[in-house]
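Descriptive analysis of the structure
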Protein chains: 2
Amino acid sequence: MFESAEIGHAIDKETYDAEVPALREALLEAQYELQKQARFPVIVLINGIEGAGKGETIKLLSEWMDPRLIEVRSFDQQTDEELAHPPAWRYWRQLPAKGRMGIFFGNWYSQMIQGRVHGEFKDARLDQAINSAERLEKMLVDEGALIFKFWFHLSKKQMKARLKALEDDPLHSWRISPLDWQQSKTYDKFVRYGERVLRRTSHDYAPWYVIEGVDPHYRSLTAGRLLLQGMQVALANGKAKEEPAPFESQAPITDELSLLTSLDMTLHLDKDDYEEQLITEQARFSGNMRDKRMQRHSLVAVFEGNDAAGKGGAIRRVAAALDPRQYAIVPIAAPTEDERAKPYLWRFWRQIPARGKFTVFDRSWYGRVLVERVEGFCSPTDWMRAYSEINDFEEQLIDAGIVVVKFWLAIDEKTQLERFEAREEVPFKRFKITDDDWRNRKKWPQYRTAVNDMVDRTSTEIAPWTLVEANDKHWSRVKVLRTINEALEAAFAKDRKSK
Amino acid sequence: MFESAEIGHAIDKETYDAEVPALREALLEAQYELQKQARFPVIVLINGIEGAGKGETIKLLSEWMDPRLIEVRSFDQQTDEELAHPPAWRYWRQLPAKGRMGIFFGNWYSQMIQGRVHGEFKDARLDQAINSAERLEKMLVDEGALIFKFWFHLSKKQMKARLKALEDDPLHSWRISPLDWQQSKTYDKFVRYGERVLRRTSHDYAPWYVIEGVDPHYRSLTAGRLLLQGMQVALANGKAKEEPAPFESQAPITDELSLLTSLDMTLHLDKDDYEEQLITEQARFSGNMRDKRMQRHSLVAVFEGNDAAGKGGAIRRVAAALDPRQYAIVPIAAPTEDERAKPYLWRFWRQIPARGKFTVFDRSWYGRVLVERVEGFCSPTDWMRAYSEINDFEEQLIDAGIVVVKFWLAIDEKTQLERFEAREEVPFKRFKITDDDWRNRKKWPQYRTAVNDMVDRTSTEIAPWTLVEANDKHWSRVKVLRTINEALEAAFAKDRKSK
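What counts and what doesn't
- Residues numbered from 1 in each chain as written.
- Chains lettered and ligands numbered in written order.
- Predicted model: local features only at pLDDT ≥ 70, side-chain atom pairs only at ≥ 80, totals over all residues.
- Heavy atoms only, no water.
- Helix = DSSP H or I, 4+ residues; strand = E, 2+ residues; numbered from the N terminus.
- Buried < 20%, exposed > 50% of the residue type's maximum accessible area, 1.4 Å probe, protein only.
- Areas by Shrake-Rupley, 256 points an atom, 1.4 Å probe, with all protein chains shown as cover.
- Lys, Arg positive; Asp, Glu negative; His and termini not counted.
- Charge placed at Lys NZ, Arg CZ, Asp CG, Glu CD.
- Least-squares fit on C-alpha atoms with pLDDT ≥ 70 in both.
- Contact = heavy atoms within 4.5 Å.
- Phe/Tyr/Trp six-rings, centres within 6.5 Å; stacked < 30°, edge-to-face > 60°.
- Lys NZ or Arg CZ within 6 Å of the ring centre and 35° of its normal.
- Pairing = 2+ DSSP bridges.
- Axes fitted to C-alpha atoms, helices over the stretch in contact; angles between N-to-C directions.
- pLDDT = per-residue confidence, 0-100.
- Salt bridge = Lys/Arg side-chain N within 4 Å of Asp/Glu carboxyl O.
- Patch = residues over 30% accessible without salt bridge, like charges linked within 9 Å, V, L, I, M, F, W, Y side chains within 5 Å.
- Buried area = accessible area lost by both parts, 1.4 Å probe.
- Polar contact = N/O pair within 3.5 Å; in protein donor to acceptor, adjacent residues only side chain to side chain.
- Nonpolar A, V, L, I, M, F, W, Y, C, P; charged D, E, K, R; others polar.
- Parallel < 35°, antiparallel > 145°, perpendicular 65-115°, else oblique.
- Left-handed = near helix turned anticlockwise from the far one by under 90°.

1. Regarding the overall build of chain A
Summing up its helical and strand segments, chain A has 19 helices and 10 strands in all. With the C-alpha coordinates aligned to their principal axes, the bounding extent of chain A is approximately 85 × 50 × 40 Å. Taken across its 499 residues, chain A has 54% of its residues classed as buried. With an accessible surface of roughly 22500 Å², chain A has 51% of that area assigned to carbon and sulfur atoms. Taking the average place of the 75 positive charges on the side chains of chain A and the average place of its 79 negative ones, the gap between the two points comes to 4 Å.

2. Some points on the relation of the copies chain A and chain B
With an RMSD of 0.0 Å, the operation that places chain A on chain B is a rotation of 180° combined with a shift of 0.0 Å along the axis. The operation mapping one copy onto its partner corresponds to a two-fold rotation axis. For chain A, the residue whose C-alpha comes nearest the rotation axis is Asp80(A), separated from it by 3.1 Å. Both copies contact each other with a shared surface, as 100% of the interface residues of chain A are interface residues in chain B too.

3. A look at the packing of aromatic side chains
Think of a pair of aromatic rings as described by two things: how far the centres are apart, and how the planes are tilted against each other in angle. Under the definition given, this model contains 53 aromatic pairs over all chains. The interplanar angle of 50° and the centroid separation of 6.4 Å between the aromatic rings of Trp108(B) and Tyr109(B) together place this pair among those described as tilted. For the pair Trp108(B) and Tyr109(B), one class covers both residues: buried. Three or more aromatic residues joined by ring pairs form one cluster here, namely Phe2(A), Phe75(A), Tyr91(A), Phe104(A), Trp108(A), Tyr109(A), Trp151(A), Phe190(A) and Trp208(A). Above the ring of Tyr193(A), the side-chain terminus of Arg192(A) is found at 5.2 Å from the ring centroid.

4. A word on the sheet that holds strand β10 (residues 465–469) of chain B
Residue and element names in this part refer to chain B. A sheet is described by the order of its strands in space; here 5 strands give the open sequence β7-β8-β6-β9-β10, paired in parallel fashion. Since the sheet does not close on itself, it has two edges, and those belong to β7 (327–331) and β10, each with one partner. For this sheet the average axis-to-axis angle between neighbouring strands, irrespective of direction, equals 20°. On top of the sheet, helix α18 (residues 444–458) reaches β9 (402–410) and β10; it is set at about 140° to β10, its chief contact.

5. Some points on the environment of Ile176(A)
Position of Ile176(A) relative to the elements: it lies in the loop between α7 (156–168) and α8 (178–201). Judged by relative accessible area, which is 6%, Ile176(A) ranks as buried. The sequence separation of Ile176(A) and Glu50(A) amounts to 126 residues, and the corresponding C-alpha distance is 9.6 Å. The contact partners of Ile176(A), leaving out residues within four places of it in the chain, are Leu163(A), Leu166(A), Glu167(A), Trp181(A) and Arg290(B).

6. Remarks on the sheet that holds strand β1 (residues 42–48) of chain A
Two pairing modes exist for strands in a sheet, parallel and antiparallel, and in both the strands are linked by backbone hydrogen bonds. Residue and element names in this part refer to chain A. On the basis of which strands lie adjacent, the open sheet formed by 5 strands has the order β2-β3-β1-β4-β5 and parallel pairing. The open sheet is flanked by β2 (70–74) and β5 (208–212), the only strands paired with a single partner. The mean angle between the axes of side-by-side strands here comes to 20°, regardless of whether they run parallel or antiparallel. Note: β2 against strand β3 (residues 101–105), 5 bridges, orientation parallel. Bridging across to β3, Arg73 finds its partner in Phe104. Strands β1, β2, β3 and β4 (146–153) of the sheet are contacted by helix α2 (residues 54–64), whose axis makes an angle of about 165° with β3.

7. Brief notes about the confidence of the model for chain A
Residues and elements named next belong to chain A. The predicted model of chain A has a mean per-residue pLDDT of 91, with 96% of residues at 70 or higher. Taken element by element, chain A is modelled with least confidence in helix α12 (residues 337–340), mean pLDDT 86, and with most confidence in strand β6 (residues 298–305), mean pLDDT 98. A low-confidence stretch, residues 240–253 stays under pLDDT 50, and its non-local contacts, those more than four residues away or across chains, total 17 contacts.

8. Notes on the pattern of salt bridges
Tallying each qualifying case throughout the model produces 88 salt bridges over all chains. Residues Asp291(A) and Arg293(A) are paired through a salt bridge, measuring 2.9 Å at the closest nitrogen-oxygen approach. We classify Arg293(A) as partly exposed; its relative accessible area is 35%. Between Arg350(B) and Glu339(B) there is a salt bridge whose closest N-O contact spans 3.8 Å. Highlighted residues: Arg350(B) in the loop between α13 (346–349) and β8 (358–362) and Glu339(B) in helix α12 (residues 337–340), separated in sequence by 11 residues.

9. Points about a negative patch on the surface
Where like charges cluster on the molecular surface, the negative patch consists of Asp270(A), Asp272(A), Asp273(A) and Glu276(A). Tracing the backbone through its elements, the reader meets Glu276(A) in helix α10 (residues 271–290).

10. Some words on the interface of chain A and chain B
Residue-level contacts link 51 residues of chain A with 51 residues of chain B. Between chain A and chain B, a total of about 4700 Å² is buried, with carbon and sulfur atoms accounting for 58% of that surface. Among the residues of chain A in contact with chain B, Trp174(A), Arg325(A) and Phe428(A) are the three that bury the most area, contributing 18% of the side total. One can count 8 salt bridges joining chain A with chain B. With a closest N to O distance of 3.7 Å, Lys357(A) and Asp76(B) form a salt bridge. Counting across the interface, chain A meets chain B through 19 residue pairs in polar contact (both at pLDDT 80 or more). Those elements that place two or more of their residues in the side of chain A that touches chain B are α1 (13–37), α2, α3 (80–83), α8, α10, α11 (311–319), β7 (327–331) and α12 of chain A. In terms of residue class, the side of chain A that touches chain B is made up of 24 nonpolar, 7 polar and 20 charged.

11. Some details on the packing of helix α6 (residues 123–142) of chain B against helix α8 (residues 178–201) of chain B
For any two helices packed against each other, one specifies the inter-axial angle together with the distance between the axes. Residue and element names in this part refer to chain B. The N-to-C vectors of α6 and α8 enclose an angle of 40°; their axes lie 10 Å apart at closest approach. Classified by the angle between their axes, α6 and α8 sit oblique to one another. Note that α6 runs across α8; the crossing there is right-handed. The segment α6 lies against α8, with Asp123, Leu126, Asp127, Ile130, Asn131, Glu134 and Glu137 engaging Tyr193, Arg196, Val197, Arg200 and Thr201.

12. Here we look at the pairing of strand β1 (residues 42–48) of chain B
Residue and element names in this part refer to chain B. Among the 7 residues in β1, 7 count as buried, and that is most of the element. Along β1, one buried face is formed by Val42, Val44, Ile46 and Gly48 and the opposite face, lined by Ile43, Leu45 and Asn47, is buried too. Here β1 runs beside strand β3 (residues 101–105); their pairing, made up of 5 bridges, is parallel. Looking across to β3, one finds that Ile46 is bridged to Phe105.

Below, the structure is given as structure tokens:
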């Protein structure tokens, strides 16, 4: 795999000097066009052998191009905030916005290769890391991102020669970094695992480019040209990709039977039972959240449901058991300008709780397959791929010890109408009922289909949906709290077994 | 100070029920007006005795008002990312945007009072913390923020009675938190230091409100009404404050002598000296950055200067000595929409390096007293208060172990003209020269006055300005690197002495 990058590629100074000005100009043009279109971000991953010119190339690109539109991010040791979140969180928080370029120096590949080289884990975990990287990149590309993966290479002989030359030159010996010394010892392993990773993760949508690093002219021109070509193609192709042919994909409802219609909407609790069960579940929840074992977990509760199904009231009963320092409630509305400039799941990643904490999502990432699907705010391709992206996202949360509970609060049409009318009569509740709510109500059948599809496709063993019969608020609130408690206790029990 | 909050204020249920609906409606209206005006944020600090209803009030406000416009932030243990930055960084990163409300539960006051109560530090450090809080709030208010500081109070007797009642009620005993038990032991100290802090930090621009917490009706109505009144006044007054009477405040130049005109612009280095000195200083810099002692510090380098003075080239020579993982270059352009919604210094706080790291600011917070002053982008009041805000900001950086170096790269008018013309001739350099540059050039005298004022007012012993004679790029680059090295080595030497 690296053979062609060990043959001594070189470009002489004259050729280099003659070519660079036009390349720089074209790169700048592409950059400004990227900014103008603001349709997608460019993500450049820099990997390879120490001393093969990774750092030099990053500096050069910032010199050739307009550095105001480039963000260089380096990732080394994880901070404790990063360690308290799922592994991908640290990358999500640094994603460049549409129209900008992010250069990731020290990225998911460096992490997995270094970890394997230094024996922190075995092949099985390396393979897992490879799979995660593939899914992450696939999602980024589906969101429009243009990804370049550069591997700067030196043969073992070239690397040794470089170190020797620097060592012998007192004026330049400081250029040898501790990483150089480290790698001179682990070169063979590093290249072996590097090759495995590159082979497995080179896809048409995000291919690897192996660049021989010995000669700076060759290396710089090659990287610059690859970047330019890729950007030019993406900028020209863009328009076509932006608007996929719309198509109707809603499954016809073949009978009246569905998950939602089969709920027993008469379930209820009378006042005394409610008050007793509520306080019991709240005390249990308070105890669970203070339990020592909670330090290994965090809790994410997703609340979706029909308008006026009582999400707010249920959330308040959950929060009532806790100190506000223990939880955060995140209301999800239409995305802001900043949020629209990032991949869809970005704004949810930002809100994922650190270990020991609890986040309530009042509406959530399921908006994509509910309101955005029904209202046509995103293309069918986008909401259809959302199912697997969401499953993947939740799997990452659960792998990191996060307990995920998801509620659909269901009421029937009659109950909704009564509540809408009641809200309109109370001045301080009027803000809760808008024209949108009335409009949504007319799309009851479309929402029902969307909810059925959502539950079918995203109710997994690790993150099941709980459908809550919410015509009776008492019943609904107690069921929500009890479900959360059961999920936490199941996670605690599993810890014990796995010890 | 707390006497009037220990006398058993109470409001009966009928009055409460009668008043709440109108209050809620008015609060909602104020909130939407706040969002509509989007001129200032509301910051609510929640402090006081455990069990006096702090958490309950936060929950109630989120219920009464539209929770989508409220952010509840709680601060307890500092994370290691927070510990690696100046103390105020954790609060800056959570400031609400204009038009929104941020409720800070566990804030600078809780931190300083708890620290003093538990003997982590003495009175002198408490006084320092009080001063910092005052400066922070003054700055926020000057930026337009509306600050409420609530102290929820219980007398010692009331606190004990509450704990006793909960303990005796098995159904509700879980409501006693570990903090309750802790505070029941430290009540006297807590109140003593609390009083000292409140007395010193109650100002007209950000007064404290002490609210007796025993009776939930009284407490809730009082907090709600205070919030409403304050918001209504600020929303009505707003327009007047928004546009201060403009006035001309530029000091007349009384003679031709100035800091800038007294620089010796003929200073230069020939090529051989330059190459030798440059590599020497780069090696020294590389060594300093890898020095173990660097782990206690970080480095901030500010580059300001005339257009075309060679900032970019100087920055590249600095960066050349390092691995890109060791530094970040932050180019400062006009603020984005998000940045304009926060206090002026917010976007710089975000970029302050963690310990051991290095950030280069290519232009900086000094834009306020340079381009914004000269071009009239902010009011004279704003740029005049910026001097002391900046000094305060830099003092906080330095107190946290950050080494701050600030460069003004000065060229004369003739040299600038030559460089402008040269840039226009090279296609890939044309993006560096805009109409703005030509316009700025016509304001040479105004910029000279602004630079003189800036250096006079912000060149402090702890963070001095270095004026760099930059007609000769060789001289300029070596002087920059040498200055950085001397500053780092001075900081290391000081560490040794203070041990």
